[in-house]
Structures are given as structure tokens and as C-alpha cells.
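Tertiary structure, described
For reference, the chains in residue letters:
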Amino acid sequence: MTSACVGVTDAALLIAQPDRRGGSSRELALKCGTARSMTVNLEVGRVFAHLVPMTTERGSAAVAGFWMVPAP
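Keep in mind the model is a prediction, meaning the values are calculated, not measured.

A closer look at the environment of Arg26
Checked against the element boundaries, Arg26 lands in strand β3 (residues 24–31). Judged by relative accessible area, which is 46%, Arg26 ranks as partly exposed. Linking Arg26 and Ile15, residues 11 residues apart in sequence, is a C-alpha distance of 5.2 Å. Apart from residues lying up to four places away in sequence, Arg26 is in contact with Leu13, Leu14, Ile15, Met38 and Val40.

In C-alpha cells:
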């Protein structure tokens, strides 16, 4: 998975499969304005992605994009 964000300095992208036994989740810390990659082992089924801006600034917002492709 490769991800990037804009709008704030730092953010976290959470990837989860809560339907899996015991649930599974991964977090990718992002420095907005740069791309970051990590390998995630996912099972067949639904995948949830959630962006959390890591700021306390009033009225700030962030947008993230991510790209997931099967590993070779």
C-alpha cells in the first residue's frame, strides 16, 4: 500500500479488517506532502480505511489517498 496526504503536517492512515477473527488493523504514520509505503497482509473480505489528522489546530482538515495492489 502506498499513501500520501495533504492539509496538515502529520496524519495516520488506519487499515482494518474487523470481520476477521480477533480483528486486524495496521496504522501508517504519514508526513503530509510525502508518499509512504508499507506491506499489509489482508484476508479476503471488506477492508476499512480511516484517516486521522494528527493535529489540535482548530478548523484543520486533511485528505489522503492510497493505492493498494497485490504483492508479487
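Points about the state of the cysteines
Applying the stated criterion across every chain yields a total of one disulfide. The disulfide bridge from Cys5 ends at Cys32, spanning 2.0 Å between sulfur atoms. The sign of the -100° torsion about the S-S bond sets the Cys5-Cys32 disulfide as left-handed. Taken together, the residues Cys5 in strand β1 (residues 2–6) and Cys32 in the loop between β3 and β4 (36–37) connect sequence positions 27 residues apart. The residues Cys5 and Cys32 share a single accessibility class, namely buried.

Here's the deal with the pairing of strand β2 (residues 10–17)
Residues in a regular strand project their side chains so that they alternate between the two faces of the sheet. Examined bridge by bridge, β2 and β3 share eight bridges and lie antiparallel to one another. Looking at β3, one finds that Gln17 is bridged to Ser24. By the bridge criterion, six bridges tie β2 to strand β5 (residues 48–53) in an arrangement that is antiparallel. Counterpart to Ile15 in the pairing with β5 is Ala49.

Some thoughts on the nonpolar core
Counting residues in hydrophobic clusters, the biggest one holds 10 residues: Met1, Cys5, Val8, Ala11, Leu13, Ile15, Leu28, Leu30, Cys32 and Val40. Put simply, the parts of the chain that give this core at least two residues each are β2 and β3. Setting aside chain neighbours within four positions, we find Cys5 in contact with Ala11, Leu30, Lys31, Cys32, Gly33, Val63 and Ala64.

What to know about the sheet that holds β5
Read from one edge to the other, the open sheet built from three strands follows the order β3-β2-β5, with strand pairing classed as antiparallel. Lying at the two open borders of the sheet, with one neighbouring strand each, are β3 and β5. Shown here is a sheet whose adjacent strand axes are inclined to one another by a mean of 20°, direction ignored.

Overview of the environment of Ala62
Note on placement: Ala62 falls in the loop between β5 and β6 (63–67). Separated by 50 residues in the primary sequence, Ala62 and Ala12 have C-alpha atoms spaced 10 Å apart. Apart from the residues lying within four places of it in its own chain, the contact partners of Ala62 are Val6, Gly7, Val8, Leu51 and Pro53.

So, how was this worked out
- Residues numbered from 1 in each chain as written.
- Predicted model: local features only at pLDDT ≥ 70, side-chain atom pairs only at ≥ 80, totals over all residues.
- Heavy atoms only, no water.
- Helix = DSSP H or I, 4+ residues; strand = E, 2+ residues; numbered from the N terminus.
- Buried < 20%, exposed > 50% of the residue type's maximum accessible area, 1.4 Å probe, protein only.
- Contact = heavy atoms within 4.5 Å.
- Disulfide = S-S within 2.5 Å.
- Pairing = 2+ DSSP bridges.
- Core = buried A, V, L, I, M, F, W, Y, C linked by side-chain atoms within 4.5 Å.
- Axes fitted to C-alpha atoms, helices over the stretch in contact; angles between N-to-C directions.

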